[in-house]
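# Examination of the molecular architecture
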Amino acid sequence: MKTLIHNAAIVNEGRIFVGSVLIEDDKIAEISEKSEYSDYSDYSEVIDATGMILMPGVIDTHVHFRDGGQSENPAGTFYSESRAARAGGVTSVIDMPNTKPLTTTLEALAAKEALAARDSAVNYGFMLGATNENIDDLLAIEPTRYAAIKLFLGSSTGNMLVNNGEQLDHLFRDAKKLIVAHCEQEEVIQANLLNAKLEYQGTAGETAALHPKIRNNEACFLSTYHAIERARRYGTRFHVAHISTATELSLLSNFDLEKKNITAEVTPNHLWFDDRDYAELGNKIKCNPAIKSNDDRLALWAALEDDLIDTIATDHAPHPLEAKMKPYFDAPSGIPSIQHSLQMMLEPAIDNNELLTMVVRKMCHNPAVLFGIKGRGFIRKSYKADLVLVRPGVEETVTRESLLYKCGWSPLEGQTFHSRIERVWVNGKKEGGAEALTFSK
């Protein structure tokens, strides 16, 4: 099976050039700056991609598909959420461990792998979760079996808070794998939450606008500061998930990715929304850590462009709409976003080549490098043919009917993007073809 994509604007490894990519079976067989061919009879399919962008498939290293195999009615399933991901140009995902059951053991990991092998439309890998009780067992698991260790330093959905100092020292000192942390200082959050409930619960002031005041900049900075201090003390490879404040950026560096032990991620939501949007969207943009001020949002954009922030990942986290519509204190945190994450990032980048190559680097190249994902994330000969064809300059409006999430809603409903995901290949296939990701140590 041979597929030729020609006349595309190929965005790869800092370059944009018009050329062709040949897919043979599940791999990239040839990349050429040649755009026209005298004989097309040798190919199973020929796609004229004139005017379109060809890029590697997005690798989303932070998703909550909610499916652990034992919840009677999860907010999402591997079947539903992976199809939403693929529709949005995401070809590989790494799922988080706060499911039912928690992915904190080798047995739970194997069960999740079997579930994804049966249902997933995209390539898949998993993080193993740390708890106060499982550090010894966690560190004994073969590192190539999983993507990273997920550490919750602030409570969130499916509470897995780790707050035992001795166990944290043990983990940071002895981990042979990247640690990815949700950083929020629990003591600050709980004090703010108590005060907010005393003043606002059951009143007109109980709105999602409280969220960035409860889960505030201080909570984020203190947690990130202490985690990075611990990582530097032990020489740990450490990744700050969904960074959300300008103050945390002072803790990061912009060395080349390969030279960094401390790295960071940002979500499209923290780059797109700010605290002014709570008035219209309310709990629909309630997430942990909270979406904060416009100054924070602009600082995150600048840090992304300056390489202080290394990866873009969604933290895709669906909840039923009826749960999100509860009063603020009762509504869960999390935003479904994976179906439009690439379009969100392309919106300011379509006509800006520097931004466009940066988006591809932070959504495709860097995730593969940072998490040691073999044979993906780049358009290279012999790499897996995970590819996305984007048509710029066309309008596409998000409607509830177009959403593939099980939860059936998005805070982006009514938003018009100026690009469309035209075609997606996973391991060279337009449908099916998903595989387990393979990781280096």
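Calculation rules
- Residues numbered from 1 in each chain as written.
- Predicted model: local features only at pLDDT ≥ 70, side-chain atom pairs only at ≥ 80, totals over all residues.
- Heavy atoms only, no water.
- Pairing = 2+ DSSP bridges.
- Helix = DSSP H or I, 4+ residues; strand = E, 2+ residues; numbered from the N terminus.
- Contact = heavy atoms within 4.5 Å.
- Axes fitted to C-alpha atoms, helices over the stretch in contact; angles between N-to-C directions.
- Parallel < 35°, antiparallel > 145°, perpendicular 65-115°, else oblique.
- Nonpolar A, V, L, I, M, F, W, Y, C, P; charged D, E, K, R; others polar.
- Expected span 1.5 Å × (residues − 1).
- Bend = angle between axes of the 7 residues up to and from the residue.
- Buried < 20%, exposed > 50% of the residue type's maximum accessible area, 1.4 Å probe, protein only.
- Polar contact = N/O pair within 3.5 Å; in protein donor to acceptor, adjacent residues only side chain to side chain.
- Arc of directions from axis to C-beta.
- Core = buried A, V, L, I, M, F, W, Y, C linked by side-chain atoms within 4.5 Å.
- Salt bridge = Lys/Arg side-chain N within 4 Å of Asp/Glu carboxyl O.
- Phe/Tyr/Trp six-rings, centres within 6.5 Å; stacked < 30°, edge-to-face > 60°.
- Lys NZ or Arg CZ within 6 Å of the ring centre and 35° of its normal.

## Points about the sheet that holds strand β10 (residues 179-182)
With respect to topology, eight strands assemble into an open sheet ordered β6-β7-β8-β9-β10-β11-β12-β13, the strand pairing being parallel. Every other strand in the sheet has two partners, leaving β6 (58-63) and β13 (311-312) as the edge strands with one partner each. Note: strand β12 (residues 262-266) against β13, two bridges, orientation parallel. Across the sheet, E265 pairs through a bridge with T311, a residue of β13. Its contacts with the sheet place helix α7 (residues 217-234) against β11 (238-240) and β12, and it is angled at close to 165 degrees to β11.

## Structural notes on the packing of helix α10 (residues 294-305) against helix α13 (residues 353-370)
For the pair α10 and α13, interaxial distance at closest approach is 10 Å and the crossing angle is 85 degrees. Judged by the inter-axis angle, α10 sits roughly perpendicular to α13. Two secondary-structure elements touch here, α10 through W301, L304 and E305 and α13 through L355, M358 and K362. Grouping the constituent residues of the contact of α10 with α13 by class yields four nonpolar, no polar and two charged.

## As for α13
An ideal rise of 1.5 Å per residue puts 26 Å on 18 residues; α13 measures up with 24 Å between its terminal C-alpha atoms. At R361, α13 shows its largest bend, some 40 degrees. Judged by how many residues are buried, α13 sits mostly within the fold: 14 of 18 residues are covered. The N-cap of α13, judged by a side-chain oxygen 3.2 Å from the amide nitrogen of E354 a few residues on, is N352. Looking one or two places after α13, you find G372, whose phi comes out positive at around 65 degrees.

## A look at helix α5 (residues 186-200)
For α5, spanning 15 residues, the distance from its first C-alpha to its last is 20 Å, which sits close to the expected 21 Å at 1.5 Å a residue. Looking only at α5, the buried set comprises E186, V188, I189 and A196. For α5, the arc enclosing every buried residue in end-on projection is 150 degrees, short of the 170-degree limit, so these residues lie on one face. Opposite its buried face, α5 presents the exposed residues E187, L194 and L198, each directed more than 90 degrees away.

## Side note on the nonpolar core
Counting 98 residues, the largest nonpolar core has L151, L171, F238, I243, L304, I338 and L342 as its most contacted members. If you tally residues by element for this core, the top one is α13, at seven residues. With residues near it in sequence (within four places) discarded, I338 still touches D60, V63, F65, E81, A84, A85, G88, V90, V93, T314, H316 and Y405. Core analysis: the next-biggest nonpolar cluster, separate from the first, contains 18 residues, M127, L257, I373 and L437 among them.

## Some thoughts on the pattern of salt bridges
Across all of its chains, the model carries 26 salt bridges by this definition. Residue K430 pairs with E45 through a salt bridge whose shortest N-O separation is 3.5 Å. Of this pair, K430 sits in the segment after β15 (416-425) while E45 sits in strand β4 (residues 45-48), placing them 385 residues apart in sequence. Of the residues examined, E45 reaches a relative accessible area of 19% and is grouped as buried. For E229, the salt bridge goes to R233, with nearest N and O atoms at 2.6 Å. You can see E229 and its partner R233 sitting in helix α7, four residues apart, about one turn around the helix.

## A word on the packing of aromatic side chains
All chains considered together, the criterion is met by eight aromatic pairs. Feature note: the residues F65, F78, Y124 and F126 constitute an aromatic cluster, connected by ring pairs. Positioned above the aromatic ring of Y146, the side-chain terminus of K177 is 5.6 Å from the ring centre. Lying over the aromatic face of Y328, K286 brings its terminal NZ or CZ to 4.3 Å of the ring centre.

## So, the side chain of R230
On the secondary structure map, R230 appears in helix α7. By relative accessible area, which is 16% here, R230 ends up buried. Every residue in contact with R230, bar those within four places of it in the chain, is listed here: G165, L168, D169 and F172.

## Details of the pairing of β10
By the alternation rule, side chains of β10 split into I179 and A181 and V180 and H182, which are all buried. Note: β10 against β11, three bridges, orientation parallel. Its bridge partner lying in β11, A181 is registered against V240.

## Some thoughts on unusual backbone geometry
Trans is the common state for peptide bonds, and a negative phi is the common state for residues other than glycine. Residue P101 is reached from K100 by a cis peptide bond, and omega for that bond is -5 degrees. Geometrically, the link from N288 to P289 is a cis peptide bond, its omega value of -5 degrees lying close to zero. Residue position: P289 is located in the loop between α9 (278-281) and α10. One non-glycine residue with positive phi stands out, namely H242, at about 30 degrees. Tracing the chain through its elements places H242 in the loop between β11 and β12. Residue class for H242 comes out buried when judged on its relative accessible area of 3%. The backbone of N427 shows a phi angle near 50 degrees, a positive value even though the residue is not glycine. By secondary structure assignment, the location of N427 is in the segment after β15.

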